[in-house]
Amino acid sequence: MTLTCMIIDDEPLAVKLLEGFVQRTPFLTLKASYTDSIEALAQLRQSPVDLLLLDIQMPDLNGMELAHLLPPQTDVIFTTAFKEYAFESYEVHAIDFLLKPIRYTKFLAATERAREMREQREAASPQPASQPGTYAFLRIDGDLQRIDFDRILYVSGMKDYVMFYLEGESRPKITHMTMKAVEDLLPADRFLRVHRSYIVALSKIRKIDRNNCIYIADEVIHVTDGYRDAFEQRLAANT
């Protein structure tokens, strides 16, 4: 898979460095580079790209503000000299946060992650008409593996990785993915997030105790306060 990309950075030397990195990366195609974030945003709205390499500290419209205005199909890798923005970058679901001076090895790892996540989304979206939303292909141990939704017991998140626990398998399938991406991937009528780090298959729940603990297979998962109302509403709708 080839990704189209754009560079936005108000420092010409930083733009030149990133352009060189893009040229060295065979799966990236550079569409444009900008030092003016407002001009770049206008172009993005006309011709979106797959991946944006975006500086944060810029005049007029900074990178964090711009990220909130992007077309939904554009992923972001932030490039900045200010590490204090790292936490905020995850609030806009950035693929990665690269701290300047950027090394090519870090750049390559981040862009490969962007490619893998786009492959996962595209593999999950086209489903046969006779079986809508029944499976997805996820990159696991370097290969795209089919995961049937009917076999999923629950999903657990850990930083930038998620673990799919399946019926009949003692070890989880681990892939680089966010919990938000898993929520978007799985059918909402069959799966529910009950914890910052857990999504459960409703049909696999064996028991729910008085403390709002869910029993699935050999796992006990606590429904936390932030997700309790939605969980109780779903239970009420199915009783």
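Q: Just to check I follow, could you spell out the sheet that holds strand β10 (residues 173–176) for this structure?
A: Two modes of strand pairing occur in sheets, parallel and antiparallel, and in both the strands are linked by backbone hydrogen bonds. Strand order in the open sheet made by the five strands is β10-β9-β8-β12-β11, with antiparallel pairing throughout. The strands lining the two open edges of the sheet, one partner per strand, are β10 and β11 (191–195). Adjacent strand axes in the sheet meet at a mean angle of 20 degrees, parallel and antiparallel pairs treated alike. Summarising the sheet, β11 and strand β12 (residues 198–201) pair through four bridges and their orientation is antiparallel. Each residue of the ladder has a partner; that of histidine 195, found in β12, is tyrosine 198.

Q: What's the story with the packing of aromatic side chains in this structure? I'm lost.
A: The geometry of an aromatic ring pair is captured by two quantities: the separation of the ring centres and the angle between the planes. Scanning the entire structure with this criterion turns up seven aromatic pairs. Connected via pairs of aromatic rings, a cluster forms that spans Phe21, Tyr104 and Phe107. The residue whose ring lies beneath arginine 115 is phenylalanine 27, and the NZ or CZ to ring-centre distance is 4.2 Å.

Q: Sorry if this is basic, but what is going on with helix α1 (residues 12–24) here?
A: An α-helical segment advances 3.6 residues per turn. Residues three or four places apart therefore align on the same side. With 13 residues, α1 ought to run about 18 Å at 1.5 Å a step, and its terminal C-alpha atoms sit 19 Å apart, in line with that. Every buried residue belonging to α1 is among Ala14, Val15, Leu18, Phe21 and Val22, and all of these are buried. The buried residues of α1 occupy an angular sector of 120 degrees when projected down its axis, which confines them to one face. Away from the buried face of α1 by more than 90 degrees, exposed residues Pro12, Leu13, Lys16, Gln23 and Arg24 are located.

Q: Hey, could you run me through the sheet that holds strand β1 (residues 3–8) in this one?
A: The sheet built from five strands is open, its strands ordered β2-β1-β3-β4-β5 with parallel pairing. For this open sheet the edge positions go to β2 (28–34) and β5 (96–99), each flanked by a neighbour on one side alone. For this sheet, the mean angle separating the axes of adjacent strands, direction not counted, is 20 degrees. Summarising the sheet, β1 and β2 pair through six bridges and their orientation is parallel. From the neighbouring strand, isoleucine 7 faces β2, where its bridge partner is serine 33.

Q: Any chance you could explain the pattern of salt bridges here in plain terms?
A: Two side chains with opposite charge may pair up if their charged atoms get near one another. Overall, the coordinates contain 15 salt bridges when judged by the stated rule. The shortest N-O distance in the salt bridge between arginine 113 and aspartate 96 comes to 2.3 Å. Taken as a pair, arginine 113 in helix α5 (residues 104–124) and aspartate 96 in strand β5 lie far apart in primary sequence, 17 residues in all. Each member of the pair, arginine 113 as well as aspartate 96, carries the same accessibility label: buried. Measuring nitrogen to oxygen at the nearest pair gives 2.9 Å for the salt bridge that ties lysine 180 to aspartate 184. Taken together, the positions of lysine 180 and aspartate 184, both in helix α6 (residues 179–185) and four residues apart, correspond to about one turn of that helix.

Procedures and definitions
- Residues numbered from 1 in each chain as written.
- Predicted model: local features only at pLDDT ≥ 70, side-chain atom pairs only at ≥ 80, totals over all residues.
- Heavy atoms only, no water.
- Pairing = 2+ DSSP bridges.
- Helix = DSSP H or I, 4+ residues; strand = E, 2+ residues; numbered from the N terminus.
- Axes fitted to C-alpha atoms, helices over the stretch in contact; angles between N-to-C directions.
- Phe/Tyr/Trp six-rings, centres within 6.5 Å; stacked < 30°, edge-to-face > 60°.
- Lys NZ or Arg CZ within 6 Å of the ring centre and 35° of its normal.
- Expected span 1.5 Å × (residues − 1).
- Buried < 20%, exposed > 50% of the residue type's maximum accessible area, 1.4 Å probe, protein only.
- Arc of directions from axis to C-beta.
- Salt bridge = Lys/Arg side-chain N within 4 Å of Asp/Glu carboxyl O.

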